[in-house]
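# Close look at the chain arrangement
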Amino acid sequence: MKARTLTSAAIAALILVALVALFIKARGFRASSTPGAFEGSAARLVRDFAIPRAEKGRKNPFAGDEQARGQGRNEFLARCATCHGSDGRGATPIGANVYPRVPDLHGSATQDLTDGEIRYIIANGVQLTGMPALPALDGQEERLSWALVTYLRSLRSKTPAEVARQQATLNTAQYVGSPACERCHSSIYGRWKSTPMANVVRDPREHPDAIIPDLKTNNVAPFTLDQVAFVYGSKWKQRYFTRIGDDYYPLPVQWDVGNKTWRPYHVADTGADWWTAYYPSNNLERPTGPTCDGCHSVNYDIRAKKPSEWNVGCETCHGPGSVHAAQPSRANIFNASQTDAISSTDTCIQCHSQGQPRGGLIDGKAYDWPVGYHVGLRLQDFWKLEPHTLGETSFTHYADGTAHKNRMQGNDFVQSLMYQRGVTCATCHDAHGTENDAQLRKPTATICLDCHAPNSPNGPHVASLEDHTHHAKGSAGGECVACHMPKIQQTIANVNVRSHTFKFITPAMSEQLKIPNACTGCHPDRSNEWATEALRGWTGISPWRAAE
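Residues numbered from 1 in each chain as written. Predicted model: local features only at pLDDT ≥ 70, side-chain atom pairs only at ≥ 80, totals over all residues. Heavy atoms only, no water.

The next thing to look at is the overall build of the protein chain. A tally of regular secondary structure across the protein chain gives 24 helices and 11 strands. Pairs at least 24 apart in sequence give 57% of the contacts found in the protein chain among residues at least 6 apart. In the form shown here, the protein chain has an accessible surface area of approximately 28,700 Å², with 58% of it arising from carbon and sulfur atoms. Charge-centre separation for the protein chain: the mean point of 56 positive side chains lies 7 Å from the mean point of 52 negative side chains. (Helix = DSSP H or I, 4+ residues; strand = E, 2+ residues; numbered from the N terminus. Contact = heavy atoms within 4.5 Å. Areas by Shrake-Rupley, 256 points an atom, 1.4 Å probe, with all protein chains shown as cover. Lys, Arg positive; Asp, Glu negative; His and termini not counted. Charge placed at Lys NZ, Arg CZ, Asp CG, Glu CD.)

Below you can see the structure in the form of structure tokens.
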């Protein structure tokens, strides 16, 4: 009886194996297939079983360490983002087409693992998948693997309860001012304090060094120090606002910082910003409350005509902080790095874009910023980007839709492939402050190479960067931004800032559509014809795209 039972079990097992074999033979091996729930669970069970118990229980020595998190982020972009995406969600050409699929690192499949388990997987990889082991790194493997764990923990998605709590907090919390953040975030606060964001609006009585030029040299539209209520800007241009009644107004002169000269300041009545149609021509009848102050302050109240705080403070990007300051929790404050790519980028687009309030005039006034919006809401419900007609060059756009003027990084960026792939402003910039220009996380010479190193899946598909740029290593033309982010957006006079579409504008396009290109931008003594002929000799790029 016992032998008969064993024989039956063996036959059943053989039949099962045969059926599985037939299924595999009929289906074939295809990375395009999505693993079933049973297979996925079984694979994770085997993986977890194979991690030694001692490794599972290891604690991260850098948990919560800001420096380690930053290092982990850098390593992630350099080593992991090709498959996992710069946002860690795995929606990349590789991540979406390997078997098994690259996991969303924000989700529970990763975040429910212990720190030790995540580190072990990073260090050793996972057999029979696309997950590689961390290569030998001159004895730094241990530290870097823990730094990566520290960064991955910062990606954890909020639970539905946390999302609901955060939304309720944003709707009811009060603004308490940036100094309230310093107690727990002293390092970040210290970096932010020296950024242009924190110093765009300055009272010369509180900051005697705020005014850059000698007012005695102003022969364009002279004014005295006692007329200046606020100084606006210090990087490219500086403007001066005077107080009349309960609002502020721009004086009709500005200082050109780069060229060190005084220039008139007046937005033309026609052919310029859309809002000029709703105000008199005189600067002293164009209040800054509707035209400027909403983006140069925190929580500007259009009725009271004053903000909670001047300058771009912590609560501009993180929302009102009274509840968080009283009881710190990730669930009661907005964090752009822990939300989706669109909401994250909208945090910056709210001010770094040219547009109009979706509801039109408010109390009969034209506002040049998204009144009513704060982080956590949908910017598109409050703001529409400036429209453009292809083929036409306007005050705001070139003929192809690339931005013509400054403060339009958002208008550019939403057209880009970067935006479509989930890259955000915070991928490249740290608004808390860095040592690099434009608060870049790394210098322009290296920041793009985290994702676009030679022969990387994201390109360029060449053996060396020089093969792609056709410029010497270390030269200005050898940097990615030279060709893909040319300085063509005007700030003042001959001072321009970089485009954010990441498109390569050819000399032929300049001839046809009058859009400045990078070639003659760097070689102003040369013609578009010269540049086109030079591009015809370049190898490794499409001749139709570059030289036609």
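Picking up after the structure, the text goes on.
With that settled, the discussion passes to the packing of helix α7 (residues 115-124) against helix α8 (residues 141-153). Two elements in contact, α7 and α8, have axes separated by 9 Å at closest approach and are oriented at 125°. In this view, α7 runs oblique relative to α8, as classed from their interaxial angle. For the crossing formed where α7 meets α8, the hand is right-handed. Of the residues in α8, those in contact with D115, G116, I118, R119 and I122 of α7 are E142, S145, W146, L148, V149, L152 and R153. Looking at side-chain class alone, the contact of α7 with α8 contains 6 nonpolar, 2 polar and 4 charged residues. (Axes fitted to C-alpha atoms, helices over the stretch in contact; angles between N-to-C directions. Parallel < 35°, antiparallel > 145°, perpendicular 65-115°, else oblique. Left-handed = near helix turned anticlockwise from the far one by under 90°. Nonpolar A, V, L, I, M, F, W, Y, C, P; charged D, E, K, R; others polar.)

This brings us to helix α23 (residues 528-536). Along an α-helix, residues three or four positions apart point the same way, because every turn accommodates 3.6 residues. Among the residues making up α23, those that are buried are N528, A531, T532 and L535. Along the axis of α23, the buried residues cluster in a sector spanning 100°; they form a single face. (Buried < 20%, exposed > 50% of the residue type's maximum accessible area, 1.4 Å probe, protein only. Arc of directions from axis to C-beta.)

Moving on, we get to the packing of aromatic side chains. Summed over the entire model, instances satisfying the criterion amount to 17 aromatic pairs. Here F76 and Y151 contribute two aromatic rings whose centre-to-centre distance is 5.5 Å and whose plane-to-plane angle is 50°, an arrangement assigned as tilted. Remark: Y151 occurs in helix α8 and F76 occurs in helix α4 (residues 66-79); sequence separation between them is 75 residues. Both rings, one in Y189 and one in W192, keep their centres 5.4 Å apart while their planes meet at 45°; by these two values the pair is tilted. Taken as a pair, Y189 and W192 lie in helix α11 (residues 186-192) at a separation of 3 residues, close to a single helical turn. On the basis of relative accessibility, which here comes to 10%, the residue Y189 falls in the buried class. (Phe/Tyr/Trp six-rings, centres within 6.5 Å; stacked < 30°, edge-to-face > 60°.)

Moving on, we get to the pattern of salt bridges. A pair can form between side chains of opposite charge whenever their charged atoms are brought close. Taken as a whole, this structure holds 26 salt bridges when the rule is applied. E142 is the partner of R58 in a salt bridge, and the nearest nitrogen-oxygen pair spans 2.3 Å. Of this pair, R58 sits in the loop between α3 (53-56) and α4 while E142 is found in helix α8, placing the two residues 84 residues apart along the sequence. Where R263 meets D256, a salt bridge forms, and the shortest distance between an N and an O atom there is 2.7 Å. Its relative accessible area of 0% is what places D256 among the buried residues. (Salt bridge = Lys/Arg side-chain N within 4 Å of Asp/Glu carboxyl O.)

This part covers the state of the cysteines. Note: disulfide means a covalent bond formed between the sulfur atoms of two cysteine side chains. For the coordinates displayed, the defined rule picks out 1 disulfide. The disulfide partner of C295 is C351, and the gap between their sulfur atoms is 2.3 Å. Taking the sign of the S-S torsion, -95° for the link of C295 and C351, the bridge is left-handed. Taken together, the residues C295 in the loop between α12 (288-291) and β6 (297-298) and C351 in the loop between α15 (341-349) and β8 (355-357) connect sequence positions 56 residues apart. Both residues of the pair, C295 and C351, count as buried. C314 supplies the cysteine sulfur nearest to C181, a cysteine that is in no disulfide, at a spacing of 3.8 Å. Owing to a relative accessible area of 23%, C181 belongs among the partly exposed residues under this scheme. With no disulfide of its own, C519 lies closest to C483 among cysteine sulfurs, the gap being 6.0 Å. A residue is classified by how much of its surface remains accessible, and C519, at 13% relative accessible area, is buried. (Disulfide = S-S within 2.5 Å.)

Another point: the pairing of strand β3 (residues 237-244). Where strand β2 (residues 230-232) and β3 come together, 3 bridges link them in antiparallel fashion. When the sheet's bridge partners are listed, F230 is paired in β3 with F241. Between β2 and β3, which pair antiparallel in sequence order, lie 4 residues; one of them, G233, sits at a positive phi of approximately 85°. In terms of strand pairing, β3 meets strand β4 (residues 247-256) through 7 bridges, oriented antiparallel. (Pairing = 2+ DSSP bridges.)

A word on the environment of F49. Structurally, the position occupied by F49 is in helix α2 (residues 37-50). When the C-alpha positions of F49 and G245 are compared, they lie 73 Å apart, and in sequence the two are 196 residues distant.

Attention now goes to the nonpolar core. Counting residues in hydrophobic clusters, the biggest one holds 21 residues, and the most contacted among them are F76, I118, I122, L148 and L152. Looking at this core, the elements with two or more residues in it are α4, α7 and α8. Per-element tally for this core: the top contributor is α8, with 6 residues. Setting aside its immediate chain neighbours within four residues, F76 contacts A81, H84, G85, S86, G88, L105, L148, Y151 and L152. Ranked by size, the runner-up nonpolar core spans 13 residues in total, among them V231, L251, W255 and W262. (Core = buried A, V, L, I, M, F, W, Y, C linked by side-chain atoms within 4.5 Å.)

With respect to the helices, strands and loops of the structure, T396 is situated in the loop between β9 (383-385) and α16 (409-413). The exposure class assigned to T396 is buried, which follows from its relative accessible area of 9%.

Examined bridge by bridge, β4 and strand β5 (residues 261-264) share 4 bridges and lie antiparallel to one another. Its bridge partner being in β5, V253 is matched across the sheet by P264.

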